Amino acid sequence: MDILGLIQANILTPVVLFFILGIVAARIRSDLKMPDAISEFLPIYLLAAIGLHGGLEMRNTGFSNMLIPMLTAIGLSLVFTLNHYQILRHLGKFNIFDSYALASTYGAVGAVTFSVGLSFLKNQGIESEGYLAAVLAVLEPVSFILAIFLTNMAVSKQIQSKKQSLPEGTLDNNEKTSGMAEQSKTNISKVLHESITGKAIVILLGCIAIGYIIGDEGFDSISIVFDELFTGAIAIFLLEMGIIAGQRLDDIKKVGAFLVAFSILLPTFNGIIGVLVATALGLSLGGAMMFGLLMASASFIAAPAVLRHAIPQAKPSLYITSALGITFPYNIIILLPIMLTVSSIVHNLDGPINLFNYLGINLL
Amino acid sequence: MKLFDVKLLTITCEILAQKNILEILNKHGITGYTLYEVDGNGSKGIRGKGFKNEKNVKIEIISTETRLKDIVEEITRSLFSDFAIILYLSDIQVLRPEKFI
C-alpha cells in the first residue's frame, strides 16, 4: 500500500479537515469557539460510544483472548515510560519533574486519538477488536502511577541527602526539610483513587459493562446516537481540538527543538513496536493498528488534571503543548496511515512463525 | 446601622489549584466562601481558553485579619512556587460580624 497516497486520502477525510479548520480559525484569530458545555460533553460522549462498542464486542468474543494483549499493553506502557524518562533526562537534560511528567504523558493513552483511529478504520472499512476499549481504560492510569511513584522516590532521596548534608542539631532546618518532604511527596493511594474514579475511566468502564449487558438487541434502540452520530461527533470535537492546538502553535517555539523531535519520533517508534507486537499476538489488521495507536498516543486531557496535582513542579506548558500541539496532529494525520501500512505489510507475511522472526530481527 | 470592620481575602488561581486551596481553608476552619470561574490574562498567558482545566477561579473569603493572614501564609509557602495564584486582602465592613469569625 502506498503510504503517501494513504496520508493524502487521510487528510481529505472530514475528521482531519475539521481539525485543520480549527487550526486555521485559531491562527486567523477568529472568534469561533465551542460552547463550554459541548466541549465538556463530547469527550464523555466519545468514551461512552467507545465503551458501548467494546462491551458489545466482548459479549460476542468473550474475555479469554483479551487478557494477554492487555497485560502486554501494560508491560509495554511501563517500559516505554521508563525509556522516555531516560531519553528526556539524559539526552534532553530536562529536570526530574518535567522528565517524569513528559514520560508519563507519552506513556499514557489518548482517548481522543483512539476515537479518531476508530473513525479512520471505519472510513477504510476495516474492523478492529472491540476489547481494545477495555485496554484503553486499563492503560489510562498505569503510566501516571509509575511516574508519580518514581518521582516520590526521587524526591525523598533528594531530601534524605539534603538532611545528611545539614549540620547536626539544627532543629529548625530539620523541621523545614521534613515539612518539604510532606509537601513534595504525593500520596500514591490518593492519586490512584483520583485517577480510577476520574470521569474518563468511570464512563468508559461503565459503558463497557452496559454494552456487555444489553447486547446487540438492546443496542439497536440507542444505535442512532452512539453509532451513526459517532464520526460526526468526532469531527465536531476535532474542530474544538484544532482551535485549542492552533492557539498553542506559538508555544511550540518555547518547548525547544529536542522536545519537538521527541514528540514525533517517540510516538512513531512506540506505535510501530505496538503494531508488530500486536500482530505477533494475533490481533487483526485493524486491531494491530489500534494497539499501535494506544502505544503511540499521548494523553492531553487526563494528563494535566492528574499531573498538576501529582507532580505540580513540572511545567504544564511543556507536556500539554507537545502532546496536543505536535503529537496529536502528527498521530492522526501521518502516523495512522503509516501504522496501517506497517500492519498490512506484516499481516501479509506468511504465518505467525515468520511474524515472530520479523519481530526478532526488528527488535535486534 | 452599625458596621463592623473585617477582612476580605480574594484569591484568583488556576482551577487545578482550587482543591489545594479549599483544603487549606478547611484546615483553618473556614466553612464559608464564594467561588466562581473567571477568564483573564497574566504572566502565564491568556487563561480560560479551551480546556476547562485551564480556567481560573476566584475565591472570596471573609474573616478576621489574624485567621486570613495564617491562610495567606500557608498558601504562600505551599502553593506559590507551583501554581498560578494572585491574592490580596482588603478592608470591608459587614453587618453581622459573628458570621465571619
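We now examine the overall build of chain A. Looking only at helices and strands, chain A features 17 helices and 0 strands. For chain A, restricting intrachain contacts to residue pairs at least 6 apart in sequence, the fraction spanning at least 24 positions comes to 86%.

This brings us to the overall build of chain B. Looking only at helices and strands, chain B has 2 helices and 6 strands in total. Order of helices (α) and strands (β) in chain B, N terminus to C terminus: β-α-β-β-β-β-α-β. In terms of overall dimensions, chain B has a C-alpha envelope of 45 × 25 × 20 Å along the principal axes. Considering chain B as a whole, with its 101 residues, one finds that 19% of them fall into the buried category. Within chain B, contacts between residues separated by at least 24 positions form 72% of all contacts whose residues are at least 6 apart in sequence.

Next up on the list: helix 13 (residues 252-280) of chain A. Side chains that are three or four residues apart share a direction in an α-helix, a result of its 3.6 residues per turn. Between its first and last C-alpha atoms helix 13 of chain A spans 37 Å; for 29 residues at 1.5 Å apiece the expected length is 42 Å, and the helix comes up short by more than 12%. The largest bend along helix 13 of chain A reaches roughly 75 degrees and is located at Phe258 of chain A.

Contact residues are listed per partner, giving 11 residues for chain A and 9 residues for chain B. Elements with a minimum of two residues in the side of chain A that touches chain B: helix 3 (36-61), helix 12 (230-248) and helix 15 (302-310) of chain A. Ranked by residue count, the leading element in the side of chain A that touches chain B is helix 15 of chain A, at 4 residues. Grouping the amino acids of the side of chain A that touches chain B by side-chain chemistry returns 4 nonpolar, 4 polar and 3 charged.

This part covers the environment of Phe80 of chain B. Residues and elements named next belong to chain B. Mapped onto the elements, Phe80 comes out in the loop between helix 2 (65-79) and strand 6 (85-94). Residue Phe80 is classed as exposed on the basis of its C-beta count, with 11 C-beta atoms lying within 10 Å. C-alpha separation for the pair Phe80 and Thr12, spaced 68 residues apart in sequence, amounts to 12 Å.

Residue and element names in this part refer to chain B. In this structure, strand 1 (residues 4-14) lies alongside strand 5 (residues 56-63), joined through 8 bridges in antiparallel fashion. Across the sheet, residue Leu8 finds its bridge partner in strand 5, namely Ile62. Note: strand 2 (residues 34-38) against strand 5, 5 bridges, orientation antiparallel. From the neighbouring strand, Tyr36 faces strand 5, where its bridge partner is Lys58.

Attention shifts here to the confidence of the model for chain A. All names here are of chain A. Looking at chain A, the pLDDT average stands at 84 and 89% of residues meet or exceed 70. Counting interchain partners and residues more than four positions distant, the pLDDT-below-50 stretch residues 173-181 has 9 contacts. Every residue in residues 350-364 scores below 50 in pLDDT, and together they form 12 contacts with partners more than four places removed in sequence or on other chains.

Before going further, it helps to examine the packing of helix 6 (residues 111-124) of chain A against helix 14 (residues 285-296) of chain A. Helix packing geometry: the angle between the two helix axes and the distance between the axes. Residue and element names in this part refer to chain A. Where helix 6 meets helix 14, the closest approach of the two axes is 10 Å, and the angle between their N-to-C directions is 160 degrees. As summarised for this structure, helix 6 and helix 14 are arranged roughly antiparallel, according to the angle between their axes. You can see that helix 6 and helix 14 cross each other, and the crossing is right-handed. Contact residues: helix 6 offers Thr113, Phe114, Gly117 and Leu121, while helix 14 offers Gly286, Met290, Leu293 and Leu294. Across the contact of helix 6 with helix 14, the residue classes break down as 5 nonpolar, 3 polar and no charged.

The subject of this paragraph is the pairing of strand 1 of chain B. Relative to strand 6 of chain B, strand 1 of chain B is paired through 10 bridges, and the arrangement is antiparallel. Bridge pairing in strand 6 of chain B links Phe4 of chain B to Val94 of chain B.

All names here are of chain B. The 4 strands are arranged 2-5-1-6 in an open sheet whose pairing can be described as antiparallel. At either margin of the open sheet sits one strand with a lone partner, and together these are strand 2 and strand 6. Within this sheet the neighbouring strands show an average axis-to-axis angle of 20 degrees, counted without direction. Strands in contact with helix 2 are strand 1, strand 5 and strand 6; relative to strand 6, the strand with the most contacts, it is inclined by about 175 degrees.

Residues and elements named next belong to chain A. In this structure, Leu46, Leu136, Leu204, Phe291, Leu294 and Met339 are the most contacted members of the largest nonpolar core, which totals 120 residues. At 14 residues, helix 16 (residues 316-348) tops the list of elements feeding residues into this core. Ignoring anything within four residues of it in the chain, the contact list for Leu136 reads Val109, Ala111, Phe114, Leu204 and Leu294.

On to unusual backbone geometry, then. Residue and element names in this part refer to chain A. At Arg29, a residue that is not glycine, the phi angle is positive and equals roughly 55 degrees. Looking at the secondary structure, you find Arg29 in the loop between helix 2 (14-27) and helix 3. Non-glycine residue Lys93 carries a positive phi angle of around 55 degrees. Mapping Lys93 onto the fold places it in the loop between helix 4 (67-91) and helix 5 (96-107).

To continue, consider the packing of helix 13 of chain A against helix 14 of chain A. All names here are of chain A. Orientation of helix 13 relative to helix 14, taken along the N-to-C sense of each, is 145 degrees, at an axis distance of 7 Å. Between helix 13 and helix 14 lies a crossing whose hand is right-handed. Together, Pro267, Asn270, Gly271, Ile272, Ile273, Gly274, Val275, Ala278 and Thr279 of helix 13 and Gly287, Ala288, Met289, Phe291, Gly292, Leu293, Leu294, Met295 and Ala296 of helix 14 make up the contact between the two elements. When its residues are assigned to classes, the contact of helix 13 with helix 14 shows 12 nonpolar, 6 polar and no charged.

By the element assignment, Val24 of chain A lies in helix 2. Remark: the alpha-carbon pair of Val24 of chain A and Phe219 of chain A, spanning 195 residues in sequence, is separated by 38 Å.

For the rest of this paragraph, the subject is the environment of Leu318 of chain A. All names here are of chain A. On the secondary structure map, Leu318 appears in helix 16. Look at Leu318 and you get buried, because 21 C-beta atoms sit within 10 Å. Considered as a pair, Leu318 and Asp251 are 67 residues apart in the sequence and their alpha carbons are 8.8 Å apart. Not counting chain neighbours up to four residues away, the residues in contact with Leu318 comprise Asp98, Leu102, Val255 and Leu259.

Cut-offs and rules
- Residues numbered from 1 in each chain as written.
- Chains lettered and ligands numbered in written order.
- Predicted model: local features only at pLDDT ≥ 70, side-chain atom pairs only at ≥ 80, totals over all residues.
- Helix = DSSP H or I, 4+ residues; strand = E, 2+ residues; numbered from the N terminus.
- Contact = placed C-beta atoms within 7 Å.
- Buried ≥ 20, exposed ≤ 12 C-beta atoms within 10 Å, placed from the backbone.
- Expected span 1.5 Å × (residues − 1).
- Bend = angle between axes of the 7 residues up to and from the residue.
- Nonpolar A, V, L, I, M, F, W, Y, C, P; charged D, E, K, R; others polar.
- Pairing = 2+ DSSP bridges.
- pLDDT = per-residue confidence, 0-100.
- Axes fitted to C-alpha atoms, helices over the stretch in contact; angles between N-to-C directions.
- Parallel < 35°, antiparallel > 145°, perpendicular 65-115°, else oblique.
- Left-handed = near helix turned anticlockwise from the far one by under 90°.
- Core = buried A, V, L, I, M, F, W, Y, C linked by C-beta atoms within 7 Å.

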